[in-house]
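Secondary and tertiary structure notes
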Amino acid sequence: MIPFIDLQSQFARIQPEVEAAMLAVVRSGQFILGPEVAKLEERLADYVGVKHCISCASGTDALVMALMAKGVGPGDAVFTVPFTFMASAEAIATVGATPVFVDVEAGSFNMDVAALERAIEALAKADASIHPLPRLPEAELKALKPKGVIAVDLFGLTADYAAINTIAAANGLFVIEDAAQSFGASANNARAGSLAEIGCTSFFPAKPLGCYGDGGAIFVNDSELDTILRSIRVHGQGEDKYENVRMGITGRLDAVQAAVLQKKLDIFDDEMDNRQRVAAGYAAALASEGIDVVAPAIPAHHISAWAQYTVTARDAAARKEFQQRLNAAGIPTMIYYPKALHQQKAFANLGYRTGDFAVSEDLASRVFSLPMHPYLADEQIVEIVAAMKA
Ligand SMILES: *Cc1c(COP(=O)(O)O)cnc(C)c1O
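Residues numbered from 1 in each chain as written. Predicted model: local features only at pLDDT ≥ 70, side-chain atom pairs only at ≥ 80, totals over all residues. Heavy atoms only, no water.

1. Description of the packing of helix α3 (residues 59-69) against helix α4 (residues 87-94)
α4 packs onto α3 with a crossing angle of 40 degrees between their chain directions and a minimal axis gap of 9 Å. One element, α3, and the other, α4, form an angle in the oblique class. In the crossing of α3 with α4, the sense of the turn from one axis to the other is right-handed. On α4, the residues that touch Thr-60, Leu-63, Val-64 and Leu-67 of α3 are Ala-87, Ser-88, Glu-90, Ala-91, Ile-92 and Thr-94. (Axes fitted to C-alpha atoms, helices over the stretch in contact; angles between N-to-C directions. Helix = DSSP H or I, 4+ residues; strand = E, 2+ residues; numbered from the N terminus. Parallel < 35°, antiparallel > 145°, perpendicular 65-115°, else oblique. Left-handed = near helix turned anticlockwise from the far one by under 90°. Contact = heavy atoms within 4.5 Å.)

What follows is the structure in structure tokens.
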């Protein structure tokens, strides 16, 4: 049985170190923030290549806190993609703002920058003939104030921030990088999390760097943003615990997770190398066996964190056949994501319709993900690809 994600092999590798680190936190009695969290933040900031890392309770909280720090609220619009995990758009709605969706491109699974430009223009003119917009009452739509962009690094590949940052700056918008799936990735030697004004990541166990519970982090270079985010993380605290200067949340990372993450960081570079090995192995095997799927293509000077190895089948029926064959051979597959966010009931209030984001809808009907983790052996990759053959 080949696991989809193999946290057991990883644990076996670092078990004594992880157990000792967890026990040390319990014995110290420092459970919330404290020295382990501070040490982790320093290491993460260093790894990502930014001045400040603010750890937090989840990737979702990272996005919510980032939006709060930028003062986003009701009446504001934030552009994001519909082909992503719920949290990317949910965070926008959580602070009371309106998500305005922008389609992805099929090759990278990431935001289509030409569509972003059209969406910005369409909203400015309240003209949905330029680009699909939320079907809100006209006065409400016209009153929406565009504030920013949340771009997502889907499956571990960074979005095109050179273009996105330029378009955003020209339109007075901030950019948040949703790097929940891309911690460890890079573009032109700059690490994921550092590619926009604010980077947000997740340490959910199944992410490239995962803890043993929920966790996340925010990356910024701006010291003022750092101060605001640290305040938001603890109920908007001021100079001390019982002074509150703004609205905040309970957004802290706990010390046990910080200790676990440091032990995982110790082997992270090696794990990233192995993810590259597995991805290269899949690409070679899929090509040599002539499997009729589109394998992920990584642009030059980019390194993916390979949160997922996602292939695109010819159509929905072909996807179903591949999944059945793999399942029969005891090989798990997953569909990320079977439904685009504009088609989710949770966003029905935005009034989007099927057909609004054709690329996202098409991908949702055809993509599936193969087992991907650093401990997948070369022989297992060959076995998985062989099982895909008719
Ligand atoms: C996992 C994920 C999140 C949310 O992270 P949590 O830690 O689960 O809250 C946000 N965005 C994307 C793209 C994700 O994959």
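2. Describing the packing of aromatic side chains
This structure, assessed with the given rule, holds 20 aromatic pairs. Both rings, one in Phe-83 and one in Phe-109, keep their centres 6.4 Å apart while their planes meet at 40 degrees; by these two values the pair is tilted. You can see Phe-83 sitting in the loop between β2 (76-80) and α4 and its partner Phe-109 sitting in the loop between β3 (98-101) and α5 (113-125), a full 26 residues away along the chain. As far as burial versus exposure is concerned, Phe-83 and Phe-109 are alike and both buried. Both rings, one in Phe-155 and one in Tyr-337, keep their centres 6.4 Å apart while their planes meet at 10 degrees; by these two values the pair is stacked. In this pair, Phe-155 is assigned in the loop between β4 (145-152) and α7 (161-170) and Tyr-337 in the loop between α11 (316-328) and α12 (358-366), connecting sequence segments 182 residues apart. An aromatic cluster is defined as three or more aromatic residues linked by ring pairs; in this entry it consists of Phe-4, Phe-83, Phe-109, Phe-155, Tyr-336 and Tyr-337. Taking NZ or CZ as reference, Arg-191 lies 3.8 Å from the ring centre of Tyr-47, over its face. Sitting over the face of the ring of Phe-85, Lys-207 holds its NZ or CZ atom 5.6 Å from the ring centroid. (Phe/Tyr/Trp six-rings, centres within 6.5 Å; stacked < 30°, edge-to-face > 60°. Buried < 20%, exposed > 50% of the residue type's maximum accessible area, 1.4 Å probe, protein only. Lys NZ or Arg CZ within 6 Å of the ring centre and 35° of its normal.)

3. Notes on the domain arrangement of the protein
Parsing the protein into structural domains produces domain 1 (7-266) and domain 2 (268-387). Each of domain 1 and domain 2 was reduced to a C-alpha centroid, and the two centroids are 23 Å apart. Counting residues at the interface gives 47 residues for domain 1 and 40 residues for domain 2. Across the interface of domain 1 and domain 2, roughly 3,700 Å² is buried in total on both sides, 62% from carbon and sulfur atoms. It is Phe-83, Arg-135 and Phe-155 that lose the most area in domain 1 upon contact with domain 2, and together they represent 20% of the buried surface on that side. The interface formed by domain 1 and domain 2 holds two salt bridges in total. Across the pair Arg-13 and Asp-270 runs a salt bridge, and its minimum N-O distance is 2.8 Å. Between the two partners, domain 1 and domain 2, sit 20 residue pairs in polar contact (both at pLDDT 80 or more). (Domains from an automatic or database assignment. Buried area = accessible area lost by both parts, 1.4 Å probe. Salt bridge = Lys/Arg side-chain N within 4 Å of Asp/Glu carboxyl O. Polar contact = N/O pair within 3.5 Å; in protein donor to acceptor, adjacent residues only side chain to side chain.)

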